[in-house]
Amino acid sequence: MPSSPALKLHPDRLLPTEPAVRAIARELYESVRQLPIISPHGHVPAQWLADDIPFTDPTSLLITPDHYVNRLMHAHGVDLSELGVGRGPLTAEESRQAFRIVCANWHVYRGTPVRFWFDSQLADIFNVTVRPSADTADRIYDQIQECLDSPEFRPRALYDRFNIEVLATTDDPCDDLAAHRRLRDDDSWSRRVIPTFRPDRYLEAASPGWIDTVDRLAEVSGVDTSDYAGFIAALENRRRYFVDHGAVSSDHSHLDARTDLLEPAEAEYLFNLARKGEIAEHEATMLRRHLISEMARMACDDGLVMTMHPAVRRNHHLPTFESYGADVGTDIPVRVEFTDALRPMLNRYGTHPNFQLVVFTLDETVFSTELGPLAGFYPSVYAGAPWWFIDAPEAIRRYRAAITESAGFTKTSGFIDDTRAFCSIPARHDMSRRLDASFVAQLVAEHRLDADEALETVHDLVVTNPRRAFKL
Amino acid sequence: MPSSPALKLHPDRLLPTEPAVRAIARELYESVRQLPIISPHGHVPAQWLADDIPFTDPTSLLITPDHYVNRLMHAHGVDLSELGVGRGPLTAEESRQAFRIVCANWHVYRGTPVRFWFDSQLADIFNVTVRPSADTADRIYDQIQECLDSPEFRPRALYDRFNIEVLATTDDPCDDLAAHRRLRDDDSWSRRVIPTFRPDRYLEAASPGWIDTVDRLAEVSGVDTSDYAGFIAALENRRRYFVDHGAVSSDHSHLDARTDLLEPAEAEYLFNLARKGEIAEHEATMLRRHLISEMARMACDDGLVMTMHPAVRRNHHLPTFESYGADVGTDIPVRVEFTDALRPMLNRYGTHPNFQLVVFTLDETVFSTELGPLAGFYPSVYAGAPWWFIDAPEAIRRYRAAITESAGFTKTSGFIDDTRAFCSIPARHDMSRRLDASFVAQLVAEHRLDADEALETVHDLVVTNPRRAFKL
Amino acid sequence: MPSSPALKLHPDRLLPTEPAVRAIARELYESVRQLPIISPHGHVPAQWLADDIPFTDPTSLLITPDHYVNRLMHAHGVDLSELGVGRGPLTAEESRQAFRIVCANWHVYRGTPVRFWFDSQLADIFNVTVRPSADTADRIYDQIQECLDSPEFRPRALYDRFNIEVLATTDDPCDDLAAHRRLRDDDSWSRRVIPTFRPDRYLEAASPGWIDTVDRLAEVSGVDTSDYAGFIAALENRRRYFVDHGAVSSDHSHLDARTDLLEPAEAEYLFNLARKGEIAEHEATMLRRHLISEMARMACDDGLVMTMHPAVRRNHHLPTFESYGADVGTDIPVRVEFTDALRPMLNRYGTHPNFQLVVFTLDETVFSTELGPLAGFYPSVYAGAPWWFIDAPEAIRRYRAAITESAGFTKTSGFIDDTRAFCSIPARHDMSRRLDASFVAQLVAEHRLDADEALETVHDLVVTNPRRAFKL
């Protein structure tokens with residue numbers, strides 16, 4: 001057997017190729033490389049950290065929960081079940097087999113951000129030195145397994161090693177946030193994990209199970225939700241509960257970004273229909289758009305930053321949803337419109353001193369046309385970092401190039417990893433730092449920015465911007 | 001106090017960073033650097049030049065009238081009133097205070113074109129040598145004020161110094177163009193300032209004040225506008241008046257670019273409704289789209305070039321509009337569609353030898369999909385330079401990259417500054433020349449264009465293209 | 001007369017300008033430069049090859065049939081008739097005159113892909129060494145004419161010289177494919193020319209002549225098409241005929257990409273209306289969308305790859321269509337939506353092992369938002385190469401940058417020339433190879449891909465990808 005190609009991380013990866021620009025970028029990157037990670041939006045379960053539960057095996061850590069990895073395997077004909085998706089724990093042999101599939105198809109990830117993240121994880125965290133392939137799969141698997149069996153690779157140890165300053169989770173409004181509380185009350189744990197209020201399904205009154213959801217909201221909040229006023233009060237109550245548990249933001253992901261307000265009587269009427277299970281799809285949409293504006297109103301009171309992640313057709317392939325459930329890689333973006341959609345809400349709350357709105361998009365066409373101009377006028381609006389399919393080097397370059405000219409650097413959110421792939425968090429932030437350093441270096445090389453300003457700018461993008469955008 | 005960082009304009013700013021490509025770009029740029037400025041569309045008041053009124057102070061020259069500068073201050077929480085927006089003249093202290101705000105927030109403009117323009121103005125026109133900051137604000141203010149107090153900084157002197165060959169203003173159809181006439185008849189003034197026919201509010205029959213507007217049109221034109229035929233004749237009359245005063249184009253900015261024709265009886269019916277104040281919003285929209293096509297018909301007769309600047313949601317934030325009026329930075333683009341929108345008009349007039357249409361867009365997605373293909377087929381259609389939010393280096397690069405492949409260089413308009421910030425005109429044209437030289441240099445470096453062709457191309461973009469597109 | 005500028009093809013054209021990246025790109029390009037051409041979709045008539053008919057003159061070979069060349073001449077005021085469009089054969093003098101027009105307007109093509117292709121054809125195929133211009137037109141014309149008069153320039157000889165491995169034509173479902181058969185049965189011809197099933201007008205039931213078309217389908221297939229079931233059976237019959245004649249794909253180009261299914265009774269009802277000439281436009285659209293999904297169903301049976309080329313407003317300028325017919329350069333793209341449009345079809349057939357769908361677009365905005373995510377999940381979906389107006393260097397760069405991050409390299413179609421300009425085929429494939437080598441070289445230079453992977457990747461893009469996407 002010939003020797004396998006090495007896996008080596010080049011110190012200059014992703015930096016500009018022109019030597020003089022690279023030199024500038026290298027210095028800028030070096031100045032932020034080791035800064036702590038601020039992760040104000042993501043999906044790592046707080047319980048992992050609260051209970052410091054050891055990770056069991058390479059596949060359930062690195063593959064099964066990561067729809068970025070799985071969807072490309074699926075696109076090449078691999079059954080999601082073979083990767084452990086939508087099923088209970090894998091046997092040792094199944095786990096190894098799933099890992100082999102990904103390694104044997106390693107070429108599929110060429111040019112994708114998954115490749116960059118995965119390389120970084122393997123090399124930086126698990127000290128892997130050979131490139132994944134059919135030949136090396138078992139060797140790599142064993143090496144990672146050995147790591148996971150040691151205490152240095154338990155969640156809290158990794159959290160420390162990753163130098164995460166703050167990590168936000170994403171939580172149901174009825175969640176009791178017990179894990180967050182345990183972490184807060186744990187004297188042996190000094191870092192910060194905060195919840196995020198994510199009420200999507202409470203606002204979609206025609207979706208299955210909505211009535212039960214709202215009943216449960218009443219139970220948990222102790223506020224009667226049988227009428228509209230009570231429903232609103234119960235949501236306010238739970239937001240306050242989240243605030244009391246350290247939350248800094250609420251997050252919202254619906255099919256569009258509209259915020260049209262209803263008259264109070266209309267909202268009440270639609271809510272009552274929904275309560276009786278008689279609301280039509282288009283009426284529920286009207287109600288949801290109104291409720292989004294209501295969330296902004298509440299934000300002016302309780303200070304939670306509002307984040308929007310709109311315009312995804314969830315579970316595009318229904319047979320996959322039926323077999324494997326949600327969040328398995330079959331969500332596909334649709335277009336989004338912000339200028340008119342956000343107008344009702346921004347006309348009301350856009351200049352309120354307590355309101356902050358971070359807008360994310362999968363549709364790049366709004367960068368220069370809508371998002372930059374909005375963030376470049378409204379004090380409340382921040383342009384969120386490229387999200388999901390566009391959280392990738394070329395797209396991030398396009399984002400900076402398109403957004404900066406109308407919104408500058410200061411009205412951007414800072415990097416958001418938005419992941420439940422815990423071990424990929426450092427790699428994702430590192431990717432962002434490299435790309436921002438490169439973008440700013442190019443401005444310096446084109447004599448559009450001075451060296452001292454560049455240093456300040458890359459530092460701000462890592463530290464100041466997320467703190468300001470998320471009130472941290 | 002430490003010494004303040006210097007403000008220095010690097011001769012190679014915005015040029016490519018690869019040394020061999022930069023060398024080519026430098027030569028190309030040098031060949032066009034000093035060519036006169038042709039500015040066929042903008043918003044400088046003709047009166048400034050007719051009366052050669054001295055500029056009073058730095059703020060009312062450089063800040064108050066420039067919504068590019070103001071909107072980013074607003075996005076960072078500055079009240080527009082503090083910058084002098086929407087109010088009468090500032091006191092000396094207020095003017096200085098506004099200037100301090102902008103200087104203290106100088107970092108906000110990093111990476112934006114405002115920074116490039118402002119740097120150029122400060123250094124090239126006012127000989128400022130320190131970077132704006134809280135520390136240097138007063139010093140810079142005083143230096144500019146001293147300049148403004150001297151005769152070399154009066155409008156006509158600057159016009160000469162800027163080497164402007166022709167400057168177009170933007171004017172109401174009922175304007176008597178007295179300032180233009182005074183300039184024409186002034187023997188001490190040998191340069192060219194031309195009006196532009198901008199009838200937007202005459203074509204929006206449901207907008208407030210429309211009836212008065214049309215009455216006034218009758219008065220000024222001497223043509224009865226009580227019926228549709230008279231209204232059309234009155235518009236033709238005023239277009240002719242503008243032609244007689246040197247106008248070369250009419251300009252049109254509405255929410256969409258549609259040009260659907262009505263039957264004459266329908267147009268008449270809708271006009272009559274409007275005359276009675278009974279036209280509905282959607283009917284007024286139908287009438288406006290028809291009138292746009294009518295403008296094209298008139299253009300075939302009187303030869304005015306037609307320019308379109310569609311798809312902006314004006315006064316997005318109503319409270320700001322109510323406090324400060326229009327054009328203060330709260331306009332936000334919406335998407336635009338051209339292929340089907342322009343079809344009725346282009347089917348009628350698209351190959352008429354007298355018709356020329358310059359299409360501007362804020363929505364970049366049409367560059368390669370619609371605008372390039374249209375300009376690459378219709379002899380009448382020219383792709384306008386990137387406009388407003390996308391009149392910026394990265395967007396201009398995207399424009400050339402996206403448009404050139406389907407429309408070539410020859411069917412582009414040449415640079416349009418579209419500004420009322422008089423002192424920024426040279427900086428804006430300089431930015432464009434640098435970027436075009438860079439784009440063409442890249443083609444040479446990739447062996448897609450020969451050196452002699454490159455020289456001819458950059459010269460054409462500065463001189464030949466605007467002359468041809470605007471019949472100058 | 002001064003000597004005319006030379007026409008020389010630089011070996012590094014289109015490669016990156018940074019020397020180190022260029023060196024990598026050069027090696028990658030060199031590794032694929034001489035690989036055979038796989039052309040799985042295009043418009044060269046099979047008859048040219050079956051009968052090996054000599055090309056008559058430079059204009060009818062290089063200009064008249066190429067709407068890319070003609071539309072830019074038209075945009076500069078040249079009558080299409082002067083270029084031989086929409087009329088019978090040109091006289092020798094007319095042909096020469098048309099050639100002179102194009103040469104005299106050579107500057108119009110600067111920066112366009114036409115220039116690249118034309119340069120390559122002139123130099124590589126016809127050994128022209130001077131740049132086209134008014135001065136050199138006759139000389140170049142004579143030189144090409146001399147070539148065309150020799151046997152080395154007959155279609156089959158060129159096919160060999162171009163090293164085309166397989167060439168697909170585009171054919172009407174009722175075509176008897178006689179030319180394909182003659183080629184197959186010709187012992188002196190060992191290369192491969194395959195038909196493509198293109199049923200567009202059979203699926204547009206409100207278009208003029210549809211009833212006759214469907215009658216003719218009955219005749220040719222021997223299947224009664226008077227009812228819906230027969231119509232479907234007749235289409236299946238003809239697809240099978242194409243499969244038997246070597247076809248590997250069916251191609252579909254309609255105004256949108258929707259695939260909404262009808263109930264069988266609805267489809268039957270609409271078909272019957274159409275049969276009676278009573279179907280309304282919107283009903284025909286519903287039927288067509290259903291029939292597209294039916295094509296996918298058939299594809300699962302007969303294995304034809306399905307390709308879609310949607311969203312063009314055909315014959316945008318009706319007067320031109322009336323004078324010169326279709327396909328003369330007056331087609332203009334409109335926007336396209338894929339996520340929701342393809343969903344019904346993909347929910348049914350998207351994971352069928354026999355189904356493959358190659359999606360082409362003129363609207364780049366879908367690259368990262370819709371097309372990449374779809375190809376990156378569905379095993380059946382491939383992202384087609386940039387098409388038509390965006391089959392050009394800068395757009396191809398944008399395509400790779402936008403698509404690779406969500407779909408990788410493996411789910412892209414490989415290059416498609418889609419041309420009837422026979423002599424431009426090698427130039428087009430060469431352009432693609434240069435650009436892909438450059439893109440991959442950049443990844444290597446940024447340390448995102450290793451050298452051995454890069455070599456494999458560029459080879460796959462030329463050979464493996466089109467074979468896989470088109471089942472060759």
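I will try to describe carefully the structure that is included in this document.

About the cut-offs
- Residues numbered from 1 in each chain as written.
- Chains lettered and ligands numbered in written order.
- Predicted model: local features only at pLDDT ≥ 70, side-chain atom pairs only at ≥ 80, totals over all residues.
- Helix = DSSP H or I, 4+ residues; strand = E, 2+ residues; numbered from the N terminus.
- Rg over C-alpha atoms; globule rule 2.2 N^0.38 Å.
- Buried ≥ 20, exposed ≤ 12 C-beta atoms within 10 Å, placed from the backbone.
- Contact = placed C-beta atoms within 7 Å.
- Nonpolar A, V, L, I, M, F, W, Y, C, P; charged D, E, K, R; others polar.
- Expected span 1.5 Å × (residues − 1).
- Least-squares fit on C-alpha atoms with pLDDT ≥ 70 in both.

**Let's talk about the overall build of chain A**
Then comes step 1: Counting secondary structure elements, chain A contains 20 helices and nine strands.
Then comes step 2: Against the compact-globule benchmark of 23 Å for 472 residues, chain A has a radius of gyration of 23 Å, which places it among compact chains.
Then comes step 3: Burial status across chain A gives 56% buried among its 472 residues.
Then comes step 4: In chain A, once contacts between residues fewer than 6 apart in sequence are set aside, the share between residues at least 24 apart is 78%.

**Observations regarding the interface of chain B and chain A**
Frequently, the measure chosen for interface size is the accessible area removed from exposure when the parts meet.
Then comes step 1: On the chain A side, the residues contacting the 41 residues of chain B number 41 residues.
Then comes step 2: Where the side of chain B that touches chain A is concerned, the elements lending two or more residues are α4 (67-75), α6 (113-125), α15 (318-324), β7 (332-333) and α18 (393-407) of chain B.
Then comes step 3: Considering every element that reaches the side of chain B that touches chain A, the biggest residue donor is α4(B), with four residues.
Then comes step 4: Across the side of chain B that touches chain A, the residue classes tally to 18 nonpolar, 13 polar and 10 charged.

**Looking at helix α19 (residues 425-445) of chain C**
All names here are of chain C.
Then comes step 1: Between its first and last C-alpha, α19 extends 30 Å over 21 residues, near the 30 Å set by a 1.5 Å rise per residue.
Then comes step 2: With 21 of its 21 residues buried, α19 lies for the most part within the structure.
Then comes step 3: A positive phi of about 60 degrees marks His 447, the residue just after α19.

**So, the relation of the copies chain B and chain A**
Taken together, a rotation about one axis and a shift along it account for how the two chain copies relate.
Then comes step 1: When chain B is fitted to chain A, the residual RMSD is 0.0 Å, and the transformation amounts to a turn of 120 degrees plus an axial shift of 0.0 Å. Such values leave the two copies arranged in the relation of a three-fold axis.
Then comes step 2: Mapped onto chain A, only 5% of the interface residues of chain B are again interface residues, and the two copies thus contact each other with different surfaces.

**Details of the environment of A:Gly111**
Residue and element names in this part refer to chain A.
Then comes step 1: When you line up the elements, Gly 111 lands in the loop between α5 (92-104) and α6 (113-125).
Then comes step 2: Residue classification places Gly 111 among the buried positions, given that 28 C-beta atoms sit within 10 Å.
Then comes step 3: Residues Gly 111 and Leu 357 lie 246 residues apart in sequence; the distance between their C-alpha atoms is 33 Å.

**A short note on the interface of chain A and chain C**
Then comes step 1: Tallying the contact residues gives 40 residues for chain A and 41 residues for chain C.
Then comes step 2: Contributing elements (two or more residues each) for the side of chain A that touches chain C: α4 (67-75), α6, α15 (318-324), β7 (332-333) and α18 (393-407) of chain A.
Then comes step 3: It is α4(A) that contributes the most residues to the side of chain A that touches chain C, four residues altogether.
Then comes step 4: In the side of chain A that touches chain C, the residues fall into 18 nonpolar, 12 polar and 10 charged.

**Some words on the environment of A:Asp12**
Then comes step 1: Here A:Asp12 lies in the segment before α1 (19-32).
Then comes step 2: Distance from A:Asp12 to A:Ile390, taken between C-alpha atoms, is 22 Å for residues 378 residues apart in sequence.

**A short note on unusual backbone geometry**
Then comes step 1: Of note, the phi angle at A:Leu14 is positive, near 75 degrees, even though the residue is not glycine.
Then comes step 2: Relative to the elements of secondary structure, A:Leu14 occurs in the segment before α1.
Then comes step 3: For A:Leu14, a count of 22 C-beta atoms within 10 Å gives the class buried.
Then comes step 4: At C:Asn315, a residue that is not glycine, the phi angle is positive and equals roughly 50 degrees.
Then comes step 5: Of note, C:Asn315 is situated in the loop between β6 (312-313) and α15 (318-324).
Then comes step 6: Residue classification places C:Asn315 among the partly exposed positions, given that 18 C-beta atoms sit within 10 Å.

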